[in-house]
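Observations on the three-dimensional arrangement
These are the residues of each chain, in order.
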Amino acid sequence: MLLGQVVALVVLVLGTAALGVWWSARQGAVRAPRQAPAGIDWASAGIALADRVTFVQFSAEVCAACRSTSRVLGGLTGSSSGVGHRELLVDDHLDLVRSLGVLRTPTVLVVDGGGREVARMSGVVSDTQARQALNRVPTAAAEADGEGQS
């Protein structure tokens, strides 16, 4: 009886550890975009896109990960021309949340100058991950690294 309980406990601990490693690896990971509905009119939603790429961040009022992600993206966009950051509260944009399949906060969509989603990140985003997302839009990546400036 005791051996069975020990085995069950070991399985539970190993399963929890594996789940934790998997969850941690997904935090902020740059993923391919979801199949977005055609023709999202960002301007009618009150979102002005930057020339090359815009980080559209969906946040909640009570979300520490959202504040951290906002600081990272704000710092990156402040030092890169043609790159913008727009933070939206999910409660104020439920129509976009539903149509874009946003399931958690923060979720960051990487939108090119034409309004197309080119990448997506969920969870806390690091500077390295944000730069990886910029690499999905080659002209923005060159500007962010200072290589595209004359």
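Thresholds applied
- Residues numbered from 1 in each chain as written.
- Predicted model: local features only at pLDDT ≥ 70, side-chain atom pairs only at ≥ 80, totals over all residues.
- Heavy atoms only, no water.
- Helix = DSSP H or I, 4+ residues; strand = E, 2+ residues; numbered from the N terminus.
- Buried < 20%, exposed > 50% of the residue type's maximum accessible area, 1.4 Å probe, protein only.
- Contact = heavy atoms within 4.5 Å.
- Areas by Shrake-Rupley, 256 points an atom, 1.4 Å probe, with all protein chains shown as cover.
- Disulfide = S-S within 2.5 Å.
- Polar contact = N/O pair within 3.5 Å; in protein donor to acceptor, adjacent residues only side chain to side chain.
- Core = buried A, V, L, I, M, F, W, Y, C linked by side-chain atoms within 4.5 Å.
- Patch = residues over 30% accessible without salt bridge, like charges linked within 9 Å, V, L, I, M, F, W, Y side chains within 5 Å.
- Salt bridge = Lys/Arg side-chain N within 4 Å of Asp/Glu carboxyl O.
- Arc of directions from axis to C-beta.
- Pairing = 2+ DSSP bridges.
- Axes fitted to C-alpha atoms, helices over the stretch in contact; angles between N-to-C directions.

- An unreviewed UniProt entry annotates the chain as Thioredoxin family protein originating from Promicromonospora alba.

**Remarks on the overall build of the chain**
- Each helix and strand in the chain was counted, giving 5 helices and 4 strands.
- For the chain, the sequential pattern of α-helices and β-strands runs α-β-α-β-α-β-β-α-α.
- When each of the 150 residues of the chain is scored for burial, the buried share is 38%.
- Taking as baseline every contact in the chain between residues at least 6 positions apart, the subset at least 24 positions apart corresponds to 71%.
- Carbon together with sulfur atoms contributes 58% to the accessible area of the chain, which is approximately 8,400 Å² in total.

**Some remarks on the state of the cysteines**
- Counting across every chain of the model gives 1 disulfide.
- Linked covalently through their sulfurs, Cys 63 and Cys 66 form a disulfide whose S-S length is 2.2 Å. With the S-S dihedral at roughly 80°, the linkage between Cys 63 and Cys 66 falls on the right-handed side.
- Owing to a relative accessible area of 9%, Cys 63 belongs among the buried residues under this scheme.

**Some thoughts on the environment of Thr 77**
- Looking at where Thr 77 falls in the secondary structure, it is placed in helix 2 (residues 64–78).
- Sequence separation of Thr 77 and Phe 55 is 22 residues, and the distance between their C-alpha atoms is 8.6 Å.
- Leave out the neighbours within four places in its chain, and Thr 77 touches Phe 55, Val 83, Gly 84 and His 85.
- Here Gly 74 takes part through its backbone oxygen, which lies 3.2 Å from a polar atom of the side chain of Thr 77.

**Let's talk about the nonpolar core**
- Formed by 15 residues in total, the largest nonpolar core has its most connected members in Val 53, Phe 55, Val 108, Val 110, Met 121, Ala 130 and Leu 134.
- Counting only elements with at least two residues in this core, the list comes to strand 1 (53–59), helix 2, strand 3 (107–112), strand 4 (117–122) and helix 4 (127–134).
- Judged by nonpolar contacts, the second largest core, of 12 residues, contains Ile 47, Phe 58, Val 90 and Leu 109.

**Description of a nonpolar patch on the surface**
- Residues Leu 2, Val 6, Val 10 and Leu 14 make up a contiguous nonpolar surface patch of roughly 390 Å² in combined accessible area.
- Exposure remark for Leu 14: the relative accessible area of 57% places this residue in the exposed category.

**Focus on helix 4**
- Inspection of helix 4 places Gln 129, Ala 130, Ala 133 and Leu 134 among the buried residues, and these make up the whole buried set. The arc enclosing the buried residues of helix 4, seen along the axis, measures out at 150°, which places them on a common side.

**Describing the sheet that holds strand 3**
- Strand order in the open sheet formed by 4 strands is 2-1-3-4, and the pairing between neighbours is mixed. Each edge of the sheet is formed by a strand with only one pairing partner; in this case those strands are strand 2 (83–89) and strand 4. Direction aside, the axes of adjacent strands within the sheet are offset by 20° on average.
- Here strand 3 pairs with strand 4 via 5 bridges, running antiparallel. By the bridge assignment, Val 108 is partnered in strand 4 with Met 121.
- Against the sheet, helix 4 contacts strand 1, strand 2, strand 3 and strand 4, and its axis sits at roughly 130° relative to strand 1.

**A word on the environment of Ser 68**
- If you trace the backbone, Ser 68 turns up in helix 2.
- Ser 68 sits 38 residues away from Pro 106 along the chain, and the two C-alpha atoms are 9.6 Å apart.

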